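# Structure assessment
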Amino acid sequence: MKSIIIFLLIIYVSGFDNEDNNQGQCDNLCSIDVNEIDVSKFISGTSEEKKEIALLFDKTFHEYGLIRLINTNLTSKLIDKAKEFFSLDSEIKMKYYLNRTHLDTPGYKPLGFESVGNYGGEKQTSSVDSTEAFFTYFKSQSKQLNFSIDTLPEEFHNVIPEYIFQSRKLISIVHNIADLALELDENTFDRNYTSDNASFSLRLTRYLPTKDQEEEELAFGEHQDYLGFTLLQNDNVPGLEVNMNGKWFRVDPKANSLLLLGGQLIERWTNNYWISILHRVATVKQLRYSALIFSGPDLNTLIETLPCKNCTLTKSKYAPVTVQEHLKQKEMATLHH
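Every chain is numbered on its own, with residues counted from 1 as its sequence reads. Only residues with pLDDT of at least 70 get local features here, since the model is predicted, and only at 80 or more are side-chain atom pairs given and counted; chain-wide, interface and lining totals rely on the full set of residues. The side-chain numbers reported here are obtained from all heavy atoms of the structure, hydrogens and water having been left aside.

The protein is annotated in an unreviewed UniProt entry as Fe2OG dioxygenase domain-containing protein of Adineta steineri.

Quick look at the structure:
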């Protein structure tokens, strides 16, 4: 297995050493192959198999900041139901309009609601994203949902609770892999996510084609995610792009898989040893759908460099910050006024 990992890394390095040549061979942006891990093998595998998975996880997040997960028990049923909901008349969808002052309840964000590309600055610098979305906020470990099923559109009554349940379990498994990958004590990551002050959310998004196909306007602006690990599920329509070494590359969709990305807190926790990758959604030529789970620790958690060997090789690059302070700084800039 170790020789396979080394081989994969050689492919990546040699590919990026010749980026200019590769770019010239592509019609548009070159696509990249993303390392993948089988979650079921980590759950039921031997101690040695778990270590091999953790090693690949560690190397991949150190170099690239995203990995593909297979055999996760998260199906595409929610994407199908999202298509049904977003196809409804605007008047029906607006009944679920998300009030910005009540961000702990499910709700709909119409086109023109936000501009995620502005997350990094204080001024509005980019146009609003060509998306509409439905958000659901939920607590991490509660056996009961923290919202009434009746607040959800009928299309989501069955699938959203199940998706939340399965995603909670999957995030915990990811945390176990991360602990092993960084050689940390068991439960180092997950213990920060067990209280109901942890910030979890589900975002269903429909990306709309621009009217002028000649325009290079993005469907969703370039950004890093704010918090912990993000689970990303797409339909079969391409659009996701990631920035590596200052250049953009396509990440083509793959059936029956999820992408896992690290947010800014993962970068801070590891003192930049693991990467929070810059990503965006390019202009789409047809409707595109995604389901994202954002996971964040307890709002009172103090984010400071973890005691892992590779995280402490250099002096901490960040001052300690609570999740609440970090989140407040970042989210204010995304709202389009």
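This brings us to the pairing of strand β12 (residues 288-298). Only protein chains enter the area calculation, which uses a 1.4 Å probe; residues under 20% of their type maximum are buried, those over 50% are exposed, and those in between are partly exposed. Numbering of helices and strands starts at the N terminus; helices are DSSP runs of H or I of at least 4 residues and strands are runs of E of at least 2. For β12, a buried count of eleven out of eleven residues is recorded, marking the element as mostly surrounded by other parts of the structure. DSSP-based pairing: two strands are paired if at least 2 bridges between them are found. Note that strand β5 (residues 198-207) and β12 share ten bridges and pair antiparallel. Following the sheet pairing, Tyr 207 is matched in β12 by Arg 288. Where strand β7 (residues 229-234) meets β12, five bridges bridge the pair, whose relative direction is antiparallel. From the neighbouring strand, Thr 230 faces β12, where its bridge partner is Phe 294.

Let us look at the sheet that holds strand β9 (residues 247-250). Taken together, the four strands give an open sheet; going across it, the order is β6-β11-β8-β9, and neighbouring strands pair in antiparallel fashion. Both edges of this open sheet fall to β6 (220-223) and β9, since each of them pairs with a single strand only. Adjacent strand axes in the sheet meet at a mean angle of 25°, parallel and antiparallel pairs treated alike. Where β6 and strand β11 (residues 279-281) come together, two bridges link them in antiparallel fashion. The residue of β11 that forms the bridge with Phe 220 is Val 281. Angular values range over 0 to 180 degrees, each being the angle between N-to-C directions of two axes fitted as lines to C-alpha atoms, with helices fitted over their stretch in contact.

A sheet is described by the order of its strands in space; here eight strands give the open sequence β1-β2-β10-β7-β12-β5-β4-β3, paired in mixed fashion. Whereas interior strands pair on both sides, the edge strands pair on one side only; in this sheet they are β1 (36-38) and β3 (107-109). The sheet shows a mean angle of 25° between the axes of neighbouring strands, taken without regard to direction. For β3 and strand β4 (residues 131-138), the ladder comprises three bridges, and the chain directions are antiparallel. By the bridge assignment for β4, Lys 109 is matched with Ala 133. Every residue pair with non-hydrogen atoms within 4.5 Å of one another is taken to be in contact. In the packing of helix α5 (residues 77-86) onto the sheet, the strands contacted are β3, β4, β5, β7 and β12, and the crossing angle to β12 comes to about 115°.

Counted at 1.5 Å a residue, the expected span for helix α4 (residues 47-63) with its 17 residues is 24 Å, and the 25 Å between its end C-alpha atoms agrees. Taken as a whole, α4 has its buried residues at Ile 53, Ala 54, Leu 56, Phe 57, Asp 58, Thr 60 and Phe 61. Gly 65 lies just past α4 and shows a positive phi near 85°. Expected helix span is taken as 1.5 Å per residue step, with the number of steps being one fewer than the number of residues.

With that out of the way, let us pick up the pairing of strand β2 (residues 66-70). With five of its five residues buried, β2 lies for the most part within the structure. The two faces of β2 match: Leu 66, Arg 68 and Ile 70 on one face and Ile 67 and Leu 69 on the other face are all buried. Two strands pair when backbone bridges link them, and β1 and β2 are joined in this way by three bridges, in the parallel orientation. The residue bridging Ile 37 from the neighbouring strand is Leu 69, located in β2. Note: β2 against strand β10 (residues 257-262), five bridges, orientation antiparallel. Across the sheet, Ile 70 pairs through a bridge with Ser 257, a residue of β10.

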